[in-house]
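Chain by chain, the residues run as shown.
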Amino acid sequence: MTDAHQPRPHRQDQATEKGIAVQLGTASYDEQLRQAEVLFFDKLGAWAHDTFARLNEACFGGLLAPRPVLWGLTPHGRSLGYYHAGSRRIVLHESLIRPSGNAWGQASLLGPRYAEDVLLHEMVHAAQHERRGGPLGREANGPHNEPVWCAEIERLTPLLGLPPIKARPVKPRRVNGTVSRRPRDGYLSQGQIARWPHCLRPAEYYEAGVRHLLDAA
Ligand SMILES: [Zn+2]
């Protein structure tokens, strides 16, 4: 008798077994988290969870604690992603999936590659929060124009297959008699530091990967 003739459990049975495992507490927190994310956000929940896990391995040695990645609205709609330090959750903006008009002037770029870079950016905030053990947002120059952020994006950039960068906090300095926040030659500008890693990718990188995110999972 070949394997093909072995009785196979019905899909419903498998689902029930999984459900019991959760009830008995045998599923790990990470497995439960994935189930919850799929329950709430279907394919997008699976995509976010699995992309988080992959980036965690590739960029943080798997050390970043699992946490919910939610789809919704970011505060004030100012950004396409948000890290909430209080709950340690990451929120990805719905416009990454369903662009309304030309959201942020970037509608042609939105898709899984763009969303992955948004998620990675928020994961850096999460990693810095965990390492520091303290709240974010108290830095005088904001969360990006800081030595720890700059050091981290320098470390991570080659891991993305991109050429090395140089980043340091950009401070006001006098150039030719005028005070400005101009970066030193060869270093990222303050705006680029804040828009990492999107600032490093050519538009073609995102356009080549544009698919509807709902097709991605
Ligand atoms: Zn940020």
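The coordinates are above.
Here is a short report on the structure shown in this document. Quick caveat, the model's predicted, so the values are computed rather than measured.

The rules behind each value
- Residues numbered from 1 in each chain as written.
- Predicted model: local features only at pLDDT ≥ 70, side-chain atom pairs only at ≥ 80, totals over all residues.
- Helix = DSSP H or I, 4+ residues; strand = E, 2+ residues; numbered from the N terminus.
- Buried ≥ 20, exposed ≤ 12 C-beta atoms within 10 Å, placed from the backbone.
- Contact = placed C-beta atoms within 7 Å.
- Core = buried A, V, L, I, M, F, W, Y, C linked by C-beta atoms within 7 Å.
- Pairing = 2+ DSSP bridges.
- Axes fitted to C-alpha atoms, helices over the stretch in contact; angles between N-to-C directions.
- Arc of directions from axis to C-beta.
- Expected span 1.5 Å × (residues − 1).

### Focus on the overall build of the chain
In step 1: Scanning the chain from N- to C-terminus turns up 6 helices and 5 strands.
In step 2: When the helices and strands of the chain are read in sequence order from the N terminus, they spell out α-α-β-β-β-α-α-β-β-α-α.
In step 3: Relative to its full complement of 217 residues, the chain shows a buried share of 26%.
In step 4: Long-range pairs, those at least 24 residues apart, make up 53% of the contacts in the chain with a sequence separation of at least 6.

### Examining the nonpolar core
In step 1: Counting 28 residues, the largest nonpolar core has Leu 92, Leu 96 and Leu 119 as its most contacted members.
In step 2: For this core, the secondary-structure elements that each account for two or more residues are helix H2 (29-60), strand E1 (69-72), strand E2 (81-84), strand E3 (89-93) and helix H3 (112-132).
In step 3: It is H3 that provides the largest number of residues to this core, a total of 9 residues.
In step 4: One finds Trp 149, Ile 165, Leu 188 and Trp 196 within the second-largest nonpolar core, a separate group that totals 9 residues.

### Describing the sheet that holds E3
In step 1: Taken together, 3 strands build an open sheet; the order of strands is E1-E3-E2 and the sheet is mixed. The sheet is open, and its two borders are formed by E1 and E2, each paired with just one other strand. For this sheet, the mean inter-axis angle between neighbouring strands, taken without regard to orientation, is 25°.
In step 2: Note: E1 against E3, 4 bridges, orientation parallel. Counted as the bridge partner of Trp 71 is Leu 92 from E3.
In step 3: Those strands touched by H2 are E1 and E3, and its axis lies near 125° from that of E1.
In step 4: The strands that H3 touches are E1, E2 and E3; relative to E2, the one it contacts most, it runs at about 20°.

### Some details on helix H4 (residues 147-156)
What sets the pattern is the α-helix's 3.6 residues per turn: residues three or four places apart point alike.
In step 1: Buried within H4 are the following residues: Trp 149, Cys 150, Glu 152, Ile 153 and Leu 156. All buried residues of H4 fall inside an arc of 165° around its axis, so they share one side. Pointing more than 90 degrees away from the buried face of H4 are the exposed residues Pro 147, Ala 151 and Arg 155.
In step 2: Lining the buried residues of H4 we find H2, H3 and helix H5 (190-194).

### What to know about the environment of Tyr 187
In step 1: One can find Tyr 187 in the loop between strand E5 (178-180) and H5.
In step 2: When the C-alpha atoms of Tyr 187 and Ala 167 are compared, they prove to be 5.3 Å apart, with 20 residues separating the residues in sequence.
In step 3: Not counting chain neighbours up to four residues away, the residues in contact with Tyr 187 comprise Lys 166, Ala 167 and Arg 168.

### A short note on the pairing of E2
Side chains on a regular strand alternate between the two faces of the sheet.
In step 1: Across 4 bridges, the pairing between E2 and E3 is antiparallel. Bridged to Gly 81 within E3 is Leu 92.
In step 2: Between E2 and E3, which pair antiparallel and follow one another directly, the connecting turn spans 4 residues, one of which, Arg 88, has a positive phi of 65°.

### Focus: the environment of Ala 46
In step 1: Within the fold, Ala 46 resides in helix H2.
In step 2: Separated by 10 residues in sequence, Ala 46 and Ala 36 place their C-alpha atoms 9.5 Å apart.

### With respect to H3
In step 1: For H3, spanning 21 residues, the distance from its first C-alpha to its last is 30 Å, which sits close to the expected 30 Å at 1.5 Å a residue.
In step 2: Burial of H3 is extensive: 15 of the 21 residues sit out of reach of the surface.
In step 3: Immediately downstream of H3, the backbone of Gly 133 shows phi near 75°, a positive value.

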